[in-house]
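# Geometric and topological summary
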Amino acid sequence: MKKQLKIGGNIDGVGWNYMGWRHPDMPANASESIEYYVQKAKRLEEGKFDVIFLVDVSHIGPGMIPHYLSMFEGVTILSALSMVTHSIGLAATIATSYADPFTVARQMASLDKISNGRAAWNAITSNPGGLANYSRAHLSQADLYPMKKEFLEIVEGLWDSYEDDAFIRDKARGIFLDPEKMHPLNYRGQYFSVDGPLNISRSRQGRPVIFQAGNSPEFMNLASQHADAAFLRADNLEDAKLRSRELKRRVESQGRSFDDFLITIAHNPIVGRTEKEAEEKFRELQSLMPIYRIPKPKLFGSAEKVADEIERWYEAGALDLLLIRQEHPSGFDDFIDLVVPILQDKEIFRKEYESDTLRGNLGLPYPHNRYSI
Ligand SMILES: Cc1cc2nc3c(=O)[nH]c(=O)nc-3n(C[C@H](O)[C@H](O)[C@H](O)COP(=O)(O)O)c2cc1C
């Protein structure tokens, strides 16, 4: 049976455009407001969304969108959100070009335990500009994918440091750990060298879900081997179908089932009760800062029209996980109040969470520890 549609919410603070911060309903400091993030996280969970997804940027300049100029670091804010949510997943973007694999493995595994099995890591190369912020200016574009491959192999290896039953914690007998079930990594690569093991046990979902974002053939190759989900950019439905098909072909050629792999595409719907209401919201946004023009979103208009279009993308196999980002400050509310009930009536989206782990809700298999098999 085909999996139901999965939905994620990209919380972008003041928004992923230049003008949203000026809207009367948008706190101008939303990107650095814990209250704003808590409110949005709870709202997305009310909407039965699968995951809160945070994008990231590693280097900035004054011309960037306001959100990028003043924003929270992902794992930090998601740790806080894990305490005010129960079922929704928590995905942080961390670039493999800048960070250190031992640190990322540790941070993400901690978030996964703190949230009781709801963490996900979006592994990106990012663009080379950020290398200089992380003392890696000697590296270049050509290094990004070879480095990412090593990074992923190390993080996955570290997440298998302990088998599921490694910790005995028997007070009466005085036995804390079964040392046979602890495994160092001893990885030696061109970019990274890591002995391991990692000092944290596996979570209820085994290990965090891995997303990867990109578009190139190198990206597709690596994602087909080391990801549970791929976040793609697509210009239109035909483009999305082609990319999705190509990636799923690569996943199958790795001996994996493409049912265990999710294609993720972001949309920024502007929805109204009627077409006219959506037009008004679009015009209102444009009027906040007329020198910046935004294109009309692909998901635009009445809730029925938007829900039909989502169904078309989903049925065509162009996406498994729809990532919603707010163009207008009422974006999440409009989507949850107006579109979600139609998708539920169509029986392509859940009314209740199936699980309280992210893997459970996404319908992804439990990843067995490599040493236990
Ligand atoms: C859907 C999608 C999402 C991305 N998200 C981010 C992001 O949050 N932060 C970032 O620095 N780069 C992001 N990127 C850029 C990629 O990390 C990468 O620099 C870019 O896709 C070029 O690599 P590629 O040729 O392998 O696709 C994203 C790319 C895509 C396609």
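Residues numbered from 1 in each chain as written. Predicted model: local features only at pLDDT ≥ 70, side-chain atom pairs only at ≥ 80, totals over all residues. Heavy atoms only, no water.

### Concerning the environment of Pro 27
Its place among the elements puts Pro 27 in the loop between β1 (6-10) and α1 (34-46). Under the relative-accessibility criterion, Pro 27 is labelled partly exposed at 32%. Sequence separation of Pro 27 and Gly 13 is 14 residues, and the distance between their C-alpha atoms is 9.0 Å. Ignoring any residue separated from it by four or fewer positions in sequence, one finds Pro 27 in contact with Val 14 and Tyr 36. (Helix = DSSP H or I, 4+ residues; strand = E, 2+ residues; numbered from the N terminus. Buried < 20%, exposed > 50% of the residue type's maximum accessible area, 1.4 Å probe, protein only. Contact = heavy atoms within 4.5 Å.)

### Observations regarding the UniProt feature "domain: Luciferase-like" (unreviewed entry) in the protein
If you check UniProt for "domain: Luciferase-like" (unreviewed entry), the listed places come out as residues 22-286 in our numbering. Spanning residues 22-286, this segment combines 37% helix with 17% strand, and its end C-alpha atoms are found 11 Å apart. (UniProt positions renumbered as here; feature names shortened; annotations may be inferred.)

### Points about the site of the ligand
Around the ligand sit 16 residues in total, of which Asp 56, Ser 126, Tyr 145, Asn 215 and Ser 216 are the nearest. With respect to the ligand, the backbone of Asn 215 contributes an N or O atom lying 2.7 Å from an oxygen atom. Within the contact set of the ligand, an oxygen atom lies 2.5 Å away from a side-chain nitrogen or oxygen of Ser 216. In the complex, the protein chains occlude 81% of the 610 Å² of accessible area that the ligand would expose alone. Its residues assigned to classes, the shell around the ligand comprises 7 nonpolar, 7 polar and 2 charged. (Near = heavy atom within 4 Å. Polar contact = N/O pair within 3.5 Å; in protein donor to acceptor, adjacent residues only side chain to side chain. Areas by Shrake-Rupley, 256 points an atom, 1.4 Å probe, with all protein chains shown as cover. Nonpolar A, V, L, I, M, F, W, Y, C, P; charged D, E, K, R; others polar.)

### Topic: the nonpolar core
Nonpolar side chains tend toward joint burial in soluble globular proteins. Within the largest apolar cluster, 107 residues are counted, with the highest numbers of intra-cluster contacts made by Ile 52, Met 108, Trp 121, Phe 335 and Leu 343. In contact with Phe 335, not counting residues within four places along its chain, are Ile 7, Phe 49, Pro 269, Ile 310, Leu 322, Ile 324, Val 340 and Leu 343. Counting residues in hydrophobic clusters, the runner-up holds 9 residues, among them Met 19, Leu 285, Met 289 and Ile 294. (Core = buried A, V, L, I, M, F, W, Y, C linked by side-chain atoms within 4.5 Å.)

### A few points about the pairing of strand β9 (residues 209-213)
Counting buried positions along β9 yields 5 of 5 residues, so the element is predominantly enclosed. Alternating residues of β9 divide into Val 209, Phe 211 and Ala 213 and Ile 210 and Gln 212, and every residue in both groups is buried. Pairing between strand β4 (residues 119-124) and β9: 4 bridges, direction parallel. Counterpart to Asn 122 in the pairing with β9 is Phe 211. Handedness of the crossover joining β9 and strand β10 (residues 229-232) through helix α6 (residues 217-226) is recorded here as right-handed. (Pairing = 2+ DSSP bridges. Right-handed = clockwise from strand over helix to strand, strands pointing away.)

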